[in-house]
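# Structural overview
Spelled out, the chains give:
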Amino acid sequence: MDWLAGLIQRHWQHPQMALSIALWPLARIFQTIAWLRRLFYRTGILSSTKLPCPVVVIGNIHVGGVGKTPLVAALVKALQARQIKVGIISRGYGRSSKTTVIVENGAVVSEAGDEPLMLFQQTQAPIAVATTREAAGQALLAAYPDIQLLISDDGLQHYALKRDMEIVVFPSADIGRKMDVLPNGPLREPLRRLQYVNGIIFSQGKQQSIQQAKQAGLIINNQWKGYSSINYGAFYSLNEPHRTAQAQEFSGKHCAAIAAIGRPQRFFLALQNLGIELIQTVALNDHVSIESADWPEADVVFITEKDAVKLTTPMPNNIWVLPLSAQICPDLAQFIQTELQLQQRP
């Protein structure tokens, strides 16, 4: 069935008339189910859990990676700088464990999941993963009762958990595109869902992204609206993180890259934009482990930070990590603090 999934995903990027006709009825069924499900939670037909502290969901309506996790890290750091005690909850996609886990030093990917472990390493914020986000929230608040705010990494469609604020990450490249819901398009919910959230971040966008979104009818006036950019740091050696290098130091070497993330082509393109000439790229499914047979043969192999947390050192000395950080403009942390009336704590 991999060939069918690949065919449909290519259709999302380059629509084909025959597939549109065949998949349109299925998309309407999916859309109706999604609408009814949200309605049932909003009206109380299906029950949802309210946690004893505010919850902000950072989610998306797209399938696959939209650059959300770096934004969660950036937001958490900004809240910490404001002396807001913030925790993160997640389902920990890709982990093999089904137990509720408080992520701490020494945690492994099989227990915590790759993104929660990476977020913990980047922010040192309290993090819990569980099969449901409400269970993760309850466990984290029990372990850290002084937490003032919970950030849910993903979970926009997880309506079993009540939320005080919804912030959607939307790729700026998709502004103005006509997109349908699954399986005829890459959306979990229709575009009009954006008009019911508290804020939207246009990832890898610019100031004009907001005006373009207004013209496309994606946003309304009373929402917080912003955009994000990505900054890349110096490469560092997987085995010796203190050893760093700049892109030009790999000139003349046979370089390859491997990635098991939502949109690996973005990583490969980022390397090329930094001046790295790649002789081979290996794209794997999101969250999967990198096996020995997957590694390309090259003088240098580049990986993402998300993949780096999956690997147990020592590994071959030719593996280098490209770190990235996100910047959100304007200040989303200030908006959240003001709207939820969060007080600074020493």
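Above this text sits the structure in question.
Residues numbered from 1 in each chain as written. Predicted model: local features only at pLDDT ≥ 70, side-chain atom pairs only at ≥ 80, totals over all residues. Heavy atoms only, no water.

## Concerning the sheet that holds strand S10 (residues 244–245)
Spatial ordering of the open sheet is given by S10-S9-S14-S13-S11-S12, a layout of six strands whose pairing is mixed. The sheet is open, and its two edges are formed by S10 and strand S12 (278–283), each paired on a single side. Where strand S13 (residues 300–304) and strand S14 (residues 319–322) come together, four bridges link them in parallel fashion. Counted as the bridge partner of Thr304 is Leu322 from S14. Taken strand by strand, helix H8 (residues 264–273) contacts strand S9 (235–237), strand S11 (255–259), S12, S13 and S14, and its axis lies near 155° from that of S11. (Pairing = 2+ DSSP bridges. Helix = DSSP H or I, 4+ residues; strand = E, 2+ residues; numbered from the N terminus. Contact = heavy atoms within 4.5 Å. Axes fitted to C-alpha atoms, helices over the stretch in contact; angles between N-to-C directions.)

## Some remarks on helix H10 (residues 332–340)
Since the α-helix advances by 3.6 residues per turn, residues separated by three or four positions end up pointing in the same direction. Of the residues making up H10, those classed as buried are Leu332, Ala333, Phe335, Ile336, Gln337 and Leu340. At the N-terminal end of H10, a side-chain oxygen is found 3.0 Å from the backbone nitrogen of Ala333, two or three residues along, and the residue is Asp331. Once H10 finishes, Gln341 follows within two positions and takes phi at roughly 55°, a positive value. (Buried < 20%, exposed > 50% of the residue type's maximum accessible area, 1.4 Å probe, protein only. Polar contact = N/O pair within 3.5 Å; in protein donor to acceptor, adjacent residues only side chain to side chain.)

## Things to note about unusual backbone geometry
Note the cis peptide between Leu182 and Pro183, where omega equals -5°. A cis geometry characterises the amide bond from Cys329 onward to Pro330, with omega recorded as -5°. Examined against the element boundaries, Pro330 turns out to sit in the loop between strand S15 (324–329) and H10. Even without a glycine there, the phi angle at Asp154 is positive, about 75°. Within the fold, Asp154 resides in the loop between strand S5 (149–153) and strand S6 (165–171).

## Looking at the environment of Pro186
Assignment of secondary structure puts Pro186 in the loop between S6 and strand S7 (199–203). Each C-alpha atom, one on Pro186 and one on Phe40, is 24 Å from the other, the two residues being 146 residues apart in sequence. Apart from the residues within four sequence positions on either side, Pro186 is in contact with Trp12, Ile61, His62, Val63, Met179 and Asp180.

Note that every value here comes from positions in space, so none of it alone points to a role or purpose.
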